[in-house]
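Examining the three-dimensional arrangement
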Amino acid sequence: MIKFTKMHGLGNDYVYMDAIHQHIEKESSLAQFVSNRHFGIGSDGLILICKSDVADFKMRMFNADGSEAEMCGNGIRCVGKFVYDKGLTNKTQVTIETLAGIKILQLNVENGKVKTVKVDMGEPILEPKKIPVISEEKPVRNLELKAEDKKFKFTCVSMGNPHAITIVDNTKEFDVERYGKQLEIDKAFPNKTNVEFIEIVDKNHIKMRVWERGAGETLACGTGACASVVACVLNKLTENIVNVELLGGTLEIEWNREDNHVYMTGPAVTVFEGELLQKE
């Protein structure tokens with residue numbers, strides 16, 4: 001019997017489990033099971049809260065297909081809410097170890113519960129080999145790729161996980177699934193990629209839809225929102241503080257040019273809790 005909590009950040013939903021006080025095994029197959037929206041709990045993946053030797057806690061994230069990912073911006077906000085609301089810490093500033101490095105979270109507490117979280121997402125990675133993307137350009141701002149009948153021009157950024165950002169005229173009408181699933185696995189991306197399709201509203205407001213690597217289209221992607229703002233600033237399309245409107249809601253993203261860090265602020269919500277009796 002395993003206790004779990006279903007949480008979401010702007011509709012980007014995961015199943016969260018305390019792996020400090022519970023023994024969790026076969027994480028990849030467990031992620032596939034709980035993520036199934038018909039036969040499991042239903043989520044974009046599984047996130048485990050673990051012990052860390054270098055931070056307050058460690059976050060392990062598994063996509064719905066069972067693959068382990070480096071980081072999730074919406075997911076890590078919920079990790080902050082999980083550890084505070086469940087009494088695993090009483091600190092309102094916590095550090096979380098991820099495969100993308102240690103992230104610092106500032107928790108906004110109201111009536112004893114975390115409502116929003118500001119995350120220091122660290123410095124954007126623009127070196128092609130570190131993203132990774134196959135390109136001679138640095139930063140990569142003009143990567144031309146074709147999917148079916150369309151040509152795209154991408155700016156590529158890593159926020160600890162790879163992102164490819166392109167501008168479209170209308171995100172609402174764009175066929176994200178048709179093109180996203182092809183671009184995710186393009187040979188230009190050795191580790192596949194997350195694909196962001198963005199629409200510029202004004203200098204401080206963009207709309208974004210995302211095809212996430214290993215998960216498909218989701219309602220929100222925190223690292224993708226961060227990468228998209230970095231791409232917009234690099235291409236002089238927006239200011240450095242931008243409201244990113246996603247299908248699940250809005251995130252405030254700031255690329256602070258003084259310390260070169262990207263900061264993300266947004267909500268974290270608990271949906272329900274339960275116990276997993278068995279995994280067949």
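Look up: the structure comes first, before these words.
Residues numbered from 1 in each chain as written. Predicted model: local features only at pLDDT ≥ 70, side-chain atom pairs only at ≥ 80, totals over all residues. Heavy atoms only, no water.

**A look at the overall build of the chain**
Short version of the rule: Only runs of H or I of at least four residues qualify as helices and only runs of E of at least two qualify as strands under DSSP, and these elements are numbered from the N terminus. Throughout this description, buried means an accessible area under 20% of the type-specific maximum (1.4 Å probe, protein chains only), exposed means over 50%, and partly exposed covers the range between. Only heavy atoms matter for contacts: two residues are in contact if any of them lie within 4.5 Å across the pair. Charged residues are defined narrowly, with Lys and Arg counted positive, Asp and Glu counted negative, and His plus the chain ends left uncounted. One atom stands in for each charge, and that atom is NZ of Lys, CZ of Arg, CG of Asp or CD of Glu.
A count of helical and extended segments in the chain gives 4 helices and 18 strands. Taken over the C-alpha atoms alone, the chain extends approximately 50 × 40 × 35 Å along its principal axes. A buried classification covers 53% of the 280 residues belonging to the chain. Once local pairs closer than 6 in sequence are excluded, the contacts in the chain between residues at least 24 apart make up 61%. One way to put it: in the chain the 35 positive side-chain charges average out to a point 1 Å from where the 41 negative ones average out.

**Details of the packing of aromatic side chains**
How we decide: Working definition: a ring pair exists when centres of Phe, Tyr or Trp rings (six-membered ring for Trp) sit within 6.5 Å. Plane angles under 30 degrees give stacked, over 60 give edge-to-face, the rest tilted. Only lysine NZ and arginine CZ atoms are considered, and such an atom sits over a ring when it is within 6 Å of the ring centre and within 35 degrees of the ring normal.
Tallied over the full model, the rule gives 8 aromatic pairs. Between Phe 174 and Tyr 179, the aromatic rings sit 5.4 Å apart at their centres with planes inclined by 35°, giving tilted as the arrangement. For the pair Phe 174 and Tyr 179, a shared accessibility class is recorded, and that class is buried. Put simply, the rings of Phe 152, Phe 154, Phe 174, Tyr 179 and Phe 197 touch in pairs and so form one group of aromatic residues. Against the face of Trp 255 rests Arg 257, its NZ or CZ located 3.9 Å from the ring centre.

**Comments concerning the environment of Ile 165**
Along the chain, the position of Ile 165 falls in strand β11 (residues 162-167). C-alpha separation for the pair Ile 165 and Phe 152, spaced 13 residues apart in sequence, amounts to 9.5 Å. Once residues lying within four places of it in the same chain are set aside, the contact partners of Ile 165 are Lys 153, Phe 154, Thr 155, Val 157, Glu 196, Ile 198, Ala 227, Ser 228 and Ala 231.

**Quick look at empty space enclosed by the protein**
What counts here: Here a cavity denotes grid points, spaced 1 Å and computed from the protein atoms alone, that fit a 1.4 Å probe unable to get out, and a pocket denotes an open set having protein on both sides within 12 Å along at least 5 of 7 lines; residues with an atom within 4 Å of a point are the lining. Grid points are joined across faces, edges and corners, and a volume is the space filled by probe spheres set on the points. Three residue categories are used. Nonpolar comprises Ala, Val, Leu, Ile, Met, Phe, Trp, Tyr, Cys and Pro, charged comprises Asp, Glu, Lys and Arg, and polar comprises the others, including Gly.
Summed over the entire model, instances satisfying the criterion amount to 1 cavity of 30 Å³ or more. For the largest cavity, the calculated volume is near 80 Å³. Lining the largest cavity are 14 residues, with Met 61, Met 71, Asn 161, Asn 194 and Glu 212 positioned closest to its centre. Contributions of two or more residues to the lining of the largest cavity are made by β4 (57-63) and α4 (222-234). Per-class residue counts for the lining of the largest cavity are 5 nonpolar, 6 polar and 3 charged.

**Considering unusual backbone geometry**
Across residues other than glycine, the phi torsion is negative in most instances, and most of the peptide bonds are trans. At the junction of Ile 131 and Pro 132, the peptide bond is cis and its omega measures out at -10° in the coordinates. Residue placement: Pro 132 occurs in the loop between β8 (113-120) and β9 (143-147). In this structure, Lys 236 takes a positive phi of about 60° despite not being glycine. Of note, Lys 236 is situated in the loop between α4 and β15 (241-246). A relative accessible area of 70% means that Lys 236 is categorised as exposed.

**Quick look at the pattern of salt bridges**
Which entries qualify depends on this criterion: The rule for a salt bridge is simple: a side-chain nitrogen of Lys or Arg has to be within 4 Å of a carboxyl oxygen of Asp or Glu.
Counting across every chain of the model gives 14 salt bridges. In this structure, a network of salt bridges that share partners links the residues Lys 6, Asp 13, Arg 37 and Asp 44.

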